[in-house]
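Descriptive analysis of the structure
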Amino acid sequence: MNKYILCAVLIGLYTAQLPVAGQWTGKKEKPTETKELQYGPITPAHRTDDAMERFRRYGLGQFIHWGLYAIPGNEWEGVSARGGAAASEWIRAWRGPTAPKDWIKTYDNLYKQFNPKDFDAKRWAKQAKAMGAKYVIFTTKHHDGFAMWPSKFTEYNISHTPYKKDIVKEVVDAYEAEGIDVFLYFSVLEWNNPNYMSGEPKTAEEKKRFAKFLAYTRNQLLELLENYPTIKGFWFDGTWDRSWIQAAEFTYNLEKELRSKHPGLIIGSRFRNDEYGKRHFDSNGQLLGDYEQGWERKLPAEYSWLDGNDWDAVMTIPPNGWGYMKDWSGLYTKDSYDLLDMLLHCVSMNGNFVLNFGPDAAGNMHPQEDKIAAEIGDWLTVNQEAVYDATHIDLPVSQYGYYTAKEEFLYLTVFNKPVNNRIRIAIQKNASAVPVSAALLIANTALPLTHSDIGLDRDKNTYYDIQLPATFSTDKPFVIKMKMGAPKAKADKLMDAKM
Ligand code: FHN
């Protein structure tokens with residue numbers, strides 16, 4: 001099999017496990033019939049408790065993928081795994097002509113050299129704080145099964161490395177000391193666990209083995225809640241295999257148990273499925289979990305696609321690859337402008353944007369990640385009012401950027417400044433609140449605002465023009481802050497042409 005076909009196969013394998021396309025590339029199809037479900041949602045689709053209200057206000061999160069895969073950094077002895085492994089944190093699954101001889105054996109012994117000499121969780125947490133992250137999702141265990149905490153349920157854990165110390169605890173303590181909430185990423189599937197299987201257990205022996213795996217998974221999750229009781233939630237992954245899907249009764253009861261042990265725990269829609277195998281949304285189209293957890297390296301094009309659900313979108317800076325990659329050459333790597341656009345895109349649709357960092361084996365972020373963290377932090381320092389605690393507002397979509405709203409204020413974060421420096425705001429003609437004043441947030445300078453009834457035939461909107469200074473120019477997104485108030489007396493109804 002030549003490497004291009006192999007690559008296509010690997011990418012296919014990697015992407016095949018992603019949520020069903022229809023769920024994330026358009027409005028959700030509503031089932032035509034209602035089924036009586038035993039293993040449907042456990043929590044209401046729109047929780048109103050403090051923990052969930054806090055989740056809604058996060059805006060920006062940090063994802064950290066860190067584990068043994070940081071040691072190879074997507075290559076080995078000078079040979080790139082690009083094309084041989086689907087992603088850097090998937091490097092254990094490196095196959096084909098470029099894969100090193102006895103690679104799996106080599107990989108499964110990497111723990112013996114894991115000793116991040118530069119690791120300083122406090123440094124990471126301070127960087128995340130300065131960036132403006134309000135929560136962090138940290139990989140306790142990825143698909144390779146290596147536990148970054150001293151688990152009692154597997155020897156394959158951090159205490160058996162030269163580093164020895166409990167990395168999960170260090171991260172939890174450091175981030176919470178900075179006021180950043182911690183969520184724990186947990187991969188259900190484990191490539192190297194003899195009791196794991198991707199297919200449905202059929203024989204008595206397979207059923208016995210997989211039952212052991214399910215018990216092990218439950219033990220580790222209860223252990224994480226016991227060891228780190230201050231965490232706010234789990235970010236589950238690796239739940240797409242038939243073996244897990246057929247265990248709907250077990251996963252339903254496990255979710256109930258986790259929630260009972262940790263009131264307020266937040267669990268996304270990727271954890272489990274109903275008894276018909278429906279993931280993320282049950283057979284009746286109801287959200288399974290507290291928020292939509294399928295927006296991975298993709299964003300909803302329209303607010304209506306979300307059906308009012310809470311959601312997060314997780315994003316890599318390189319095109320793909322969540323774990324450390326030494327070599328970013330030849331790849332389009334997103335800059336802070338791209339990522340701020342995605343952040344405002346998410347917040348304008350009531351979602352959280354979670355930016356991924358993949359530290360190297362020594363415990364350092366990639367230099368490009370350091371640069372982007374600082375640039376995002378600088379921008380948010382000045383413009384954070386338009387992001388944090390801001391929500392979606394039902395207005396005609398702006399061609400200039402993204403609307404967010406908070407109390408009596410409307411914010412427009414402009415990414416596309418018109419050549420005439422005139423920002424035209426379309427407001428529904430029957431709106432109860434319209435812009436009554438406008439200012440440039442960055443300098444708090446008032447801007448001229450005029451009501452422009454353009455007279456578009458039968459237009460259901462009216463327009464408010466905000467004029468930026470003719471000399472205004474910037475290479476960064478900027479925010480126009482508008483105070484909203486009751487519309488003034490309507491202009492006389494202009495005659496429409498008799499068609
Ligand atoms: O297979 C994983 C992948 O390695 C990575 O952890 C992403 C992050 O959301 N989740 C899975 C792919 O959907």
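It should be emphasised that the depicted structure is a prediction, and the values quoted were computed from it without experimental measurement.

Domain annotation of the protein identifies domain 1 (50-386) and domain 2 (401-485). The straight-line distance from the C-alpha centre of domain 1 to that of domain 2 is 39 Å. Contact with domain 1, which involves 12 residues of that partner, is made by 13 residues of domain 2. In total, about 1300 Å² of surface goes out of reach between domain 1 and domain 2, with carbon and sulfur atoms giving 61% of it.

Before going further, it helps to examine the site of the ligand. Taken together, 16 residues lie around the ligand, and H65, E89, H143, D237 and E296 are the ones closest in. Within the side chain of E89, an N or O atom sits 2.5 Å from an oxygen atom of the ligand. Note that an oxygen atom of the ligand is positioned 3.5 Å from one of the side-chain N or O atoms of R270. When the ligand is considered free in solution it has 330 Å² of accessible area, and contact with the protein chains removes 100% of it.

The antiparallel open sheet is built from 3 strands, whose spatial order is β13-β17-β16. The outermost strands of the open sheet, each flanked by one partner alone, are β13 (422-428) and β16 (449-452). Each strand axis lies, on average, 25° off the axis of its neighbour in the sheet, ignoring direction. By the bridge criterion, 7 bridges tie β13 to strand β17 (residues 461-467) in an arrangement that is antiparallel. Within the sheet, the bridge partner assigned to Q428 lies in β17 and is N461.

The next thing to look at is helix α9 (residues 248-261). Its 14 residues give α9 an end-to-end C-alpha distance of 20 Å, which sits within 8% of 20 Å, the value for a rise of 1.5 Å per residue. Taken together, the buried positions of α9 are occupied by A248, T251, Y252, L254, E255, E257, L258 and R259.

Glancing now at the packing of aromatic side chains. Evaluated as defined, the whole model comprises 36 aromatic pairs. Aromatic side chains Y58 and Y135 sit 4.3 Å apart centroid to centroid with 20° between the ring planes, which places their arrangement in the stacked category. Of the two residues, Y58 sits in the loop between α3 (50-57) and β1 (60-64) while Y135 sits in strand β4 (residues 135-141), which places them 77 residues apart along the sequence. For the residue pair Y58 and Y135, the accessibility class agrees, reading buried in each case. Counting every residue linked through ring pairs, the aromatic cluster contains F186, F234, F236, W244, F250 and F271. Taking the ring centre of Y276 as reference, the NZ or CZ of K35 above it sits at 4.2 Å.

Here we come to the packing of helix α7 (residues 204-227) against α9. Running from N to C, α7 and α9 cross one another at 15°; their axes reach a closest spacing of 11 Å. Classed by the angle they form, the pair α7 and α9 counts as roughly parallel. α9 is crossed by α7, and the crossing has right-handed handedness. Touching L214, R218, L221, L222 and L225 of α7 are F250, L254, E257, L258 and K261, all from α9.

This part is about the nonpolar core. Formed by 110 residues in total, the largest nonpolar core has its most connected members in W66, I167, Y175, F234 and L258. Structurally, this core is a two-domain feature, drawing no fewer than three residues from each of domain 1 (50-386) and domain 2 (401-485). Once residues lying within four places of it in the same chain are set aside, the contact partners of W66 are F114, P116, F119, W124, F138, T139, M148, I167, P359, D360, A361 and G363. Ranked by size, the runner-up nonpolar core spans 22 residues in total, among them L410, I425, L440 and M484.

If you walk across this open sheet you meet the 8 strands as β7-β6-β5-β4-β1-β10-β9-β8, and the pairing is parallel. Both edges of this open sheet fall to β7 (266-267) and β8 (292-296), since each of them pairs with a single strand only. As defined by bridge partners, β1 adjoins strand β10 (residues 351-357) across 5 bridges and the pair is classed as parallel. Bridge pairing links F63 to N356 in β10. In this fold helix α5 (residues 121-131) packs onto β1, β4 and β10, with an angle of close to 150° to the strand it touches most, β1. Against the sheet, α7 makes contact with β4, β5 (181-187) and β6 (233-237), and its axis sits at roughly 165° relative to β5, the strand it touches most.

What counts as what
Residues numbered from 1 in each chain as written. Predicted model: local features only at pLDDT ≥ 70, side-chain atom pairs only at ≥ 80, totals over all residues. Heavy atoms only, no water. Domains from an automatic or database assignment. Contact = heavy atoms within 4.5 Å. Buried area = accessible area lost by both parts, 1.4 Å probe. Near = heavy atom within 4 Å. Polar contact = N/O pair within 3.5 Å; in protein donor to acceptor, adjacent residues only side chain to side chain. Areas by Shrake-Rupley, 256 points an atom, 1.4 Å probe, with all protein chains shown as cover. Pairing = 2+ DSSP bridges. Helix = DSSP H or I, 4+ residues; strand = E, 2+ residues; numbered from the N terminus. Axes fitted to C-alpha atoms, helices over the stretch in contact; angles between N-to-C directions. Expected span 1.5 Å × (residues − 1). Buried < 20%, exposed > 50% of the residue type's maximum accessible area, 1.4 Å probe, protein only. Phe/Tyr/Trp six-rings, centres within 6.5 Å; stacked < 30°, edge-to-face > 60°. Lys NZ or Arg CZ within 6 Å of the ring centre and 35° of its normal. Parallel < 35°, antiparallel > 145°, perpendicular 65-115°, else oblique. Left-handed = near helix turned anticlockwise from the far one by under 90°. Core = buried A, V, L, I, M, F, W, Y, C linked by side-chain atoms within 4.5 Å.

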